[in-house]
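A look at the structure
Here is how the chains run, residue by residue.
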Protein chains: 2
Amino acid sequence: MFGEYALKSAPFVPQKKEFSTMSLGMYAASVPVYQRQLGAISKVLEKASAWAEAKKVDEAVLVGTRLIPDMLPLSRQVQIACRFAEESAARLAGVEIPKAPENAEKTLGELRARIAAVLDYIKVFTPAQIDGSEEREIALTVAGNPMTLTGARYLEHFAMAHFYFHCTMTYAILRQCGVEIGKRDFIGAL
Amino acid sequence: MFGEYALKSAPFVPQKKEFSTMSLGMYAASVPVYQRQLGAISKVLEKASAWAEAKKVDEAVLVGTRLIPDMLPLSRQVQIACRFAEESAARLAGVEIPKAPENAEKTLGELRARIAAVLDYIKVFTPAQIDGSEEREIALTVAGNPMTLTGARYLEHFAMAHFYFHCTMTYAILRQCGVEIGKRDFIGAL
């Protein structure tokens, strides 16, 4: 039955859909990673809220905690992770980058709302918009210097590295504060 | 001149090599990421050595430092990052997983030698061995429970998340100790 199908000598027609299923692709390597990881971080922040309430700790203390005084506080770690997710999705899809948000979130609830807003923003992107962006030129300014990377290099060696860095710092700060979280909370739902 | 070339109606022949160049692929999303990131961590450890020498701090103190007593020390953070790199490369290529190393490294120099050994191990893998492993079944035991993931899911949502987690923790511990490193050191050579 299927042997017959295989013997048919049909003209070649690229099947975008099959291609996306079989190969990793730029979409699968970006948006779903941001979704799982930011979802996990949101739940980590929820646990931090419950911990603060139980310990009678002002949430503002957690939000302002740093690993060392000349590093960024928890709020900025979350905000920057969010920024890399939304900015890289936009850059890879070739759409306008969302306006850079202000450093506005002052509570864990507000940080979770910021994550929810980013998740709402990136869920609209389709594989068709982002797959195929491997060779797209991504122009950046890094530490004041212009830099151009291909889409694949930008995603795998820049955006993803920064994104995981700030997600892990968020976890590290809360874990050091004593919030009861484990690496399973960091990884989230597989 | 090139217009003539474009007008030629050649029969379609899939070009594996072009495919690998044009699409992200499992190789590009794994081995080169481990290479850049472990290379960066090795240089961070080198800076930590120089810092310890200048400050007359026993390197064993750095190697044993934890963010909080019930987290793993620096040595284990480096070792686990190394393990995820070598193990995932082997799993995706479908070759025997290297024997799990003992927790043997006691100095920053030994940790750098461990990284160098992993870099030697993974540089032998070719794109042909790892590309196409998106649907390969990866059988894991996570917290005592068996789990099977596709190669793509395993790489993007498990191995890479754990790998970056432990690389970032390595950086976090040393940064908190006072070693003069910045995020550029974490990212390494683009």
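Residues numbered from 1 in each chain as written. Chains lettered and ligands numbered in written order. Predicted model: local features only at pLDDT ≥ 70, side-chain atom pairs only at ≥ 80, totals over all residues. Heavy atoms only, no water.

Regarding the side chain of Ser88 of chain A
Topologically, Ser88 of chain A is positioned in helix α6 (residues 74–93). Excluding residues within four positions of it along the chain, Ser88 of chain A makes contact with Tyr34, Arg83, Tyr154 and Ala159 of chain A. (Helix = DSSP H or I, 4+ residues; strand = E, 2+ residues; numbered from the N terminus. Contact = heavy atoms within 4.5 Å.)

Points about the nonpolar core
Counting 118 residues, the largest nonpolar core has Leu45, Phe163 and Leu174 of chain A together with Leu45, Phe163 and Leu174 of chain B as its most contacted members. Not counting the four nearest positions on each side in its chain, Leu174 of chain A is found in contact with Val44, Leu45, Ala48, Leu62, Leu74, Val179 and Ile181 of chain A. (Core = buried A, V, L, I, M, F, W, Y, C linked by side-chain atoms within 4.5 Å. Buried < 20%, exposed > 50% of the residue type's maximum accessible area, 1.4 Å probe, protein only.)

Concerning empty space enclosed by the protein
Tallied over the full model, the rule gives one cavity of 30 Å³ or more. When its volume is computed, the largest cavity comes out at roughly 50 Å³. Along the walls of the largest cavity sit Ala29, Val33, Glu156, Met160 and Tyr164 of chain A together with Ala29, Val33, Glu156, Met160 and Tyr164 of chain B, which together make up its complete lining. Those elements giving two or more residues to the lining of the largest cavity turn out to be α9 (151–177) of chain A together with α9 (151–177) of chain B. When grouped by side-chain class, the residues that make up the lining of the largest cavity number eight nonpolar, no polar and two charged. (1 Å grid on protein atoms, 1.4 Å probe; cavity = no way out; pocket = protein on both sides within 12 Å on 5 of 7 lines; lining within 4 Å. Points joined across faces, edges and corners; volume = space filled by probe spheres on them. Nonpolar A, V, L, I, M, F, W, Y, C, P; charged D, E, K, R; others polar.)

Notes on the relation of the copies chain B and chain A
If you rotate chain B by 180° and push it 0.0 Å along the axis, it lands on chain A with an RMSD of 0.0 Å. The two molecules are tied by a two-fold rotation axis, judged by turn and shift. Counting the interface residues of chain B, we find that 98% of their copies in chain A are interface residues as well, pointing to one common contact surface. (Least-squares fit on C-alpha atoms with pLDDT ≥ 70 in both.)

Structural notes on the pairing of strand β1 (residues 137–142) of chain B
Residues and elements named next belong to chain B. Here six bridges tie β1 to strand β2 (residues 145–150), and the two strands are oriented antiparallel to one another. Pairing of Glu137 across the sheet is with Thr150, part of β2. The antiparallel pairing of β1 with β2 creates a hairpin that spans two residues between the two strands, and Ala143 there sits at a positive phi of about 50°. (Pairing = 2+ DSSP bridges.)

Points about the packing of α9 of chain A against helix α4 (residues 31–55) of chain B
Relative to each other, α9 of chain A and α4 of chain B sit at 60°, their axes nearing to 10 Å. Here α4 of chain B runs oblique to α9 of chain A, going by the angle between their axes. Here α9 of chain A and α4 of chain B pass one another in a crossing that is right-handed. Within the contact between the two elements, α9 of chain A uses Glu156, His157 and Ala161 of chain A and α4 of chain B uses Pro32, Val33, Arg36 and Gln37 of chain B. Among the residues forming the contact of α9 of chain A with α4 of chain B, the class breakdown is three nonpolar, two polar and two charged. (Axes fitted to C-alpha atoms, helices over the stretch in contact; angles between N-to-C directions. Parallel < 35°, antiparallel > 145°, perpendicular 65-115°, else oblique. Left-handed = near helix turned anticlockwise from the far one by under 90°.)

Things to note about the interface of chain B and chain A
Contacts between chain B and chain A engage 48 residues on the former and 47 residues on the latter. Of the roughly 4100 Å² buried at the junction of chain B and chain A (both faces included), carbon and sulfur atoms supply 67%. Contact with chain A buries area across many residues of chain B, yet Leu24, His157 and Leu190 of chain B alone supply 17% of it, more than any other trio. Linking chain B with chain A are two salt bridges, by the criterion used here. Between Asp70 of chain A and Arg175 of chain B there is a salt bridge; the shortest N-O distance is 3.0 Å. Along the contact surface separating chain B from chain A lie 13 residue pairs in polar contact (both at pLDDT 80 or more). When residues in the side of chain B that touches chain A are grouped by element, the largest group, 17 residues, is from α9 of chain B. Grouping the amino acids of the side of chain B that touches chain A by side-chain chemistry returns 29 nonpolar, 10 polar and nine charged. (Buried area = accessible area lost by both parts, 1.4 Å probe. Salt bridge = Lys/Arg side-chain N within 4 Å of Asp/Glu carboxyl O. Polar contact = N/O pair within 3.5 Å; in protein donor to acceptor, adjacent residues only side chain to side chain.)

Section: the environment of Gln79 of chain B
All names here are of chain B. The residue Gln79 is located in helix α6 (residues 74–93) in this model. C-alpha of Gln79 to C-alpha of Arg184: the two residues are 105 residues apart in sequence and 22 Å apart in space. Excluding residues within four positions of it along the chain, Gln79 makes contact with Asn103, Ala104, Glu105, Leu111 and Arg114.

Topic: the packing of helix α4 (residues 31–55) of chain A against α6 of chain A
A pair of packed helices is captured by two measures, namely the crossing angle of their axes and the spacing between those axes. All names here are of chain A. α6 packs onto α4 with a crossing angle of 160° between their chain directions and a minimal axis gap of 11 Å. In terms of their interaxial angle, α4 and α6 are classed as roughly antiparallel. The two elements α4 and α6 meet at a crossing, and its hand is left-handed. Here Tyr34, Leu38 and Leu45 of α4 come into contact with α6, specifically with Leu74, Val78, Cys82, Phe84, Ala85 and Ser88. Tallied by class, the residues present in the contact of α4 with α6 amount to eight nonpolar, one polar and no charged.

A look at α9 of chain B
Between its first and last C-alpha atoms α9 of chain B spans 37 Å; for 27 residues at 1.5 Å apiece the expected length is 39 Å, and the two agree. Note on α9 of chain B: the residue one or two positions beyond its end, Gly178 of chain B, has a positive phi of about 110°. (Expected span 1.5 Å × (residues − 1).)

Here we look at the pattern of salt bridges
Residues and elements named next belong to chain B. In this structure the tally under the stated criterion is 16 salt bridges over all chains. Its salt-bridge partner being Glu46, residue Arg112 comes within 3.3 Å of it at the nearest N-O pair. With Arg112 in helix α7 (residues 108–122) and Glu46 in helix α4, this residue pair connects regions lying 66 residues apart in the sequence. Looking at Arg112, the relative accessible area reads 30%, which means it is partly exposed. Judged by its relative accessible area of 41%, Glu46 is partly exposed.

Re the packing of aromatic side chains
Considering all chains together, one arrives at 17 aromatic pairs over all chains under this definition. Taken together through their ring pairs, the aromatic side chains of Tyr34, Phe163 and Tyr164 of chain A together with Tyr34, Phe163 and Tyr164 of chain B make up a single cluster. (Phe/Tyr/Trp six-rings, centres within 6.5 Å; stacked < 30°, edge-to-face > 60°.)

Focus on helix α7 (residues 108–122) of chain A
Residues and elements named next belong to chain A. Helix length check: α7, at 15 residues, gives a terminal C-alpha distance of 21 Å against a target of 21 Å (1.5 Å per residue), a fit within 8%. Among the residues of α7, Leu108, Leu111, Arg114, Ile115, Val118 and Ile122 are the ones counted as buried. Considered in projection along α7, the buried side chains sweep an arc of 115° and stay on one side of the axis. Lining the buried residues of α7 we find α4, α5 (59–63) and α6. (Arc of directions from axis to C-beta.)

Worth remembering: the numbers are spatial, not functional.
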